[in-house]
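Spelled out, the chains give:
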Amino acid sequence: YLDFWSLNLETFIWTPIEVKAPVNSNSVIAATSFALNGKGYILGLGYIGSSWNKITDMWEFDPSNSTWTKKADYPDLIYGEPATTINNHGLVISSAMNGIRTKVYEYDAELDRWIMRQTLTGTTSYFQFSQNVNGSIYYASGNMWKLNFD
């Protein structure tokens, strides 16, 4: 689906937006997103249908003209990973699909590049969440349910 909506925070009414340049015309699940410098970013359009495809594209949405611009590919697989922002950078915490480690990637919009910042120790999990609260990132791991992409 290519449904795209805007929420008016004063009236709490959703309005459909005409997308002038659609990102990926395939139906996908488990993408992730963050907002940065007045623009929206969606990445990890990587699960299509019943098979895993390494689609790691990222797109920037500019609400001033309702257009999408292709940005630097995400360096890892994505399956609903948590994302947030800190210090004018996007941050994605990426669980390794092989269950070994959890990687932290930072996106620099000015340079349009991803930088691996840290690898967290411990067991990989899915359905995690992260949040920026007063300049600190809080991360909690989720379910240990394993995905099977045969």
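Placed above this text is the structure.
Residues numbered from 1 in each chain as written. Predicted model: local features only at pLDDT ≥ 70, side-chain atom pairs only at ≥ 80, totals over all residues. Heavy atoms only, no water.

1. Considerations on the overall build of the protein chain
Item 1. Looking only at helices and strands, the protein chain has 0 helices and 15 strands in total.
Item 2. Residue pairs at least 24 apart in sequence account for 39% of intrachain contacts in the protein chain once pairs closer than 6 positions are excluded. (Helix = DSSP H or I, 4+ residues; strand = E, 2+ residues; numbered from the N terminus. Contact = heavy atoms within 4.5 Å.)

2. Examining the pattern of salt bridges
Item 1. Scanning the entire structure with this criterion turns up 3 salt bridges.
Item 2. Between Arg 117 and Glu 106 there is a salt bridge, with its nearest N and O atoms 2.4 Å apart. Here the residue Arg 117 occupies a position in strand β13 (residues 113-120), and Glu 106 occupies one in strand β12 (residues 102-108), the gap between them amounting to 11 residues. (Salt bridge = Lys/Arg side-chain N within 4 Å of Asp/Glu carboxyl O.)

3. Comments concerning the sheet that holds strand β9 (residues 67-71)
Item 1. If you walk across this open sheet you meet the 4 strands as β4-β5-β8-β9, and the pairing is antiparallel. Strand pairing shows two members of the sheet lacking a second neighbour, β4 (32-36) and β9, which therefore form its edges. Pairwise comparison of adjacent strand axes, ignoring direction, gives a mean angle of 25° for this sheet.
Item 2. The sheet contact formed by β4 and strand β5 (residues 39-43) spans 5 bridges and is antiparallel. When the bridges of β5 are listed, Ala 35 appears paired with Gly 40. (Pairing = 2+ DSSP bridges. Axes fitted to C-alpha atoms, helices over the stretch in contact; angles between N-to-C directions.)

4. Details of unusual backbone geometry
Item 1. Of note, Asn 37 is a non-glycine position whose phi angle comes to about 55°, a positive value.
Item 2. Mapping Asn 37 onto the fold places it in the loop between β4 and β5.
Item 3. Its identity as a non-glycine residue notwithstanding, Ser 66 has a phi of 55°, on the positive side.
Item 4. Along the chain, Ser 66 falls in the loop between β8 (58-62) and β9.
Item 5. Judged by relative accessible area, Ser 66 falls into the buried class, the value being 14%. (Buried < 20%, exposed > 50% of the residue type's maximum accessible area, 1.4 Å probe, protein only.)

5. A short note on the side chain of Asp 108
Item 1. Residue position: Asp 108 is located in strand β12.
Item 2. This buried residue, Asp 108, is left without a salt bridge; Arg 113 holds the nearest opposite charge, at 5.1 Å.
Item 3. Within the structure, the side chain of Asp 108 is placed 3.5 Å from the side chain of His 89, a separation counted as a polar contact.
Item 4. When residues no more than four places from it in sequence are discounted, the contact partners of Asp 108 are His 89 and Arg 113. (Lys, Arg positive; Asp, Glu negative; His and termini not counted. Polar contact = N/O pair within 3.5 Å; in protein donor to acceptor, adjacent residues only side chain to side chain.)

6. Things to note about the nonpolar core
Item 1. Formed by Phe 34, Leu 36, Tyr 41, Leu 43, Met 58, Ala 72, Tyr 74, Ala 83, Val 92, Tyr 105, Tyr 107 and Trp 114, the largest nonpolar core amounts to 12 residues.
Item 2. Secondary structure elements with two or more residues in this core: β4, β5 and β12.
Item 3. Those residues within four positions of Met 58 in sequence are excluded, and the remaining contacts are Phe 34, Tyr 41, Ile 42, Leu 43, Thr 69, Lys 70, Lys 71, Ala 72, Asp 73, Tyr 107 and Trp 114. (Core = buried A, V, L, I, M, F, W, Y, C linked by side-chain atoms within 4.5 Å.)

7. A look at the pairing of β13
Item 1. With 7 bridges joining them, β12 and β13 adopt antiparallel strand pairing. In the sheet register, Tyr 105 faces β13, and the bridge partner there is Met 116.
Item 2. Here β12 folds back onto β13, and the loop between the two strands holds 4 residues, one of which, Asp 112, carries a positive phi near 50°.

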